[in-house]
Amino acid sequence: AQSVTQLGSHVSVSEGALVLLRCNYSSSVPPYLFWYVQYPNQGLQLLLKYTTGATLVKGINGFEAEFKKSESSFHLTDPSALMSDAAEYFCAVSDLAGANSKLTFGKGITLSVRP
Amino acid sequence: DTGVSQNPRHKITKRGQNVTFRCDPISEHNRLYWYRQTLGQGPEFLTYFQNEAQLEKSRLLSDRFSAERPKGSFSTLEIQRTEQGDSAMYLCASSLVTGEAFFGQGTRLTVV
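Residues numbered from 1 in each chain as written. Chains lettered and ligands numbered in written order. Predicted model: local features only at pLDDT ≥ 70, side-chain atom pairs only at ≥ 80, totals over all residues. Heavy atoms only, no water.

Draft legend 1. Representation of the overall build of chain A in the model. Looking only at helices and strands, one finds zero helices and 12 strands in chain A. Going from the N terminus to the C terminus, chain A shows its helices and strands as β-β-β-β-β-β-β-β-β-β-β-β. Rg of the C-alpha trace for chain A: 14 Å, near the compact-globule value of 13 Å for 115 residues, within the 12% margin. Here chain A holds 115 residues, and the buried ones make up 43% of them. Nonlocal contacts in chain A, meaning residues at least 24 apart in sequence, comprise 57% of its contacts between residues at least 6 apart. Just so you have it, chain A exposes about 5300 Å², and 53% of that area is on carbon and sulfur atoms. Chain A carries 8 positive and 8 negative side-chain charges, and their two centres are separated by 7 Å. (Helix = DSSP H or I, 4+ residues; strand = E, 2+ residues; numbered from the N terminus. Rg over C-alpha atoms; globule rule 2.2 N^0.38 Å. Buried < 20%, exposed > 50% of the residue type's maximum accessible area, 1.4 Å probe, protein only. Contact = heavy atoms within 4.5 Å. Areas by Shrake-Rupley, 256 points an atom, 1.4 Å probe, with all protein chains shown as cover. Lys, Arg positive; Asp, Glu negative; His and termini not counted. Charge placed at Lys NZ, Arg CZ, Asp CG, Glu CD.)

Draft legend 2. Inspection of the sheet that holds strand S3 (residues 19-24) of chain B at higher detail. All names here are of chain B. The four strands lie next to each other as S1-S3-S8-S7, forming an open sheet whose pairing is antiparallel. Of all strands in the sheet, those with a lone pairing partner are strand S1 (5-7) and strand S7 (65-68), marking the two edges. For this sheet the average axis-to-axis angle between neighbouring strands, irrespective of direction, equals 15 degrees. Here three bridges tie S1 to S3, and the two strands are oriented antiparallel to one another. Along S3, the bridge assignment pairs Gln-6 with Cys-23. (Pairing = 2+ DSSP bridges. Axes fitted to C-alpha atoms, helices over the stretch in contact; angles between N-to-C directions.)

Draft legend 3. Representation of the packing of aromatic side chains within the structure. One pass over the full model with this rule turns up 15 aromatic pairs over all chains. Taking 6.1 Å as the distance between ring centres and 70 degrees as the angle between the ring planes, the aromatic pair formed by Phe-105 of chain A and Phe-103 of chain B counts as edge-to-face. Of the two residues, Phe-105 of chain A sits in strand S11 (residues 103-105) while Phe-103 of chain B sits in strand S10 (residues 102-103), which places them in two different chains. Across the pair, exposure class does not vary: Phe-105 of chain A and Phe-103 of chain B are buried alike. Ring geometry for Phe-45 of chain B and Tyr-48 of chain B: centres 6.2 Å apart, planes at 55 degrees, overall tilted. For the pair formed by Phe-45 of chain B and Tyr-48 of chain B, the shared burial category is buried. In textbook terms, an aromatic cluster arises when at least three aromatic residues are bridged by ring pairs, as seen for Phe-34, Tyr-36, Phe-90 and Phe-105 of chain A together with Tyr-33, Tyr-35, Phe-45, Tyr-48 and Phe-103 of chain B. Sitting over the ring of Phe-74 of chain B, Arg-22 of chain B keeps its end group 3.9 Å from the ring centre. (Phe/Tyr/Trp six-rings, centres within 6.5 Å; stacked < 30°, edge-to-face > 60°. Lys NZ or Arg CZ within 6 Å of the ring centre and 35° of its normal.)

Okay, structure coming up:
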């Protein structure tokens, strides 16, 4: 079974500062990993994904994440926060190696950006 | 294609009433998923379809919940005899068999 742990529920940074959102996962098979962003009263938008190959993955809006198998981690970073980055961020794992590809999500992290 | 569409966006119902939500996936996507998201939590998987076949149901999906995808296109999620604990955002997503899921904007259910 898959699980995702997102440490902390809220991160606050200043505009222009580095953003680091942590995600650790547990999976019984090689994982496919995702970061989604959710703005208030909206659905989820895919930021980036890792399936196979290069472990550093670049996504939209300047975000990137690195898959580290040894640490079971897939932390999300943004080198320079924008006010528009304020949202909730979810890490998810999918068992695409198996017969289904449902997603198991973490609890999410709310990112606030201070002017 | 305008993406995954969910209707209604908001639903307020009295406890004990039945409600039905609709999801229209991206047209070429053969997989369709339902998730439930409560306040402060990540989405939780409920069920998914490949074409018209319902392939998996979570234990979260009690007997009061039923989902259908009759022609492999749109899907409906019905909740019978709603309870206050059913209040949540219900999210639909669709994908190709090997692709990432694209989510709709959700239906927010409030049971009063």
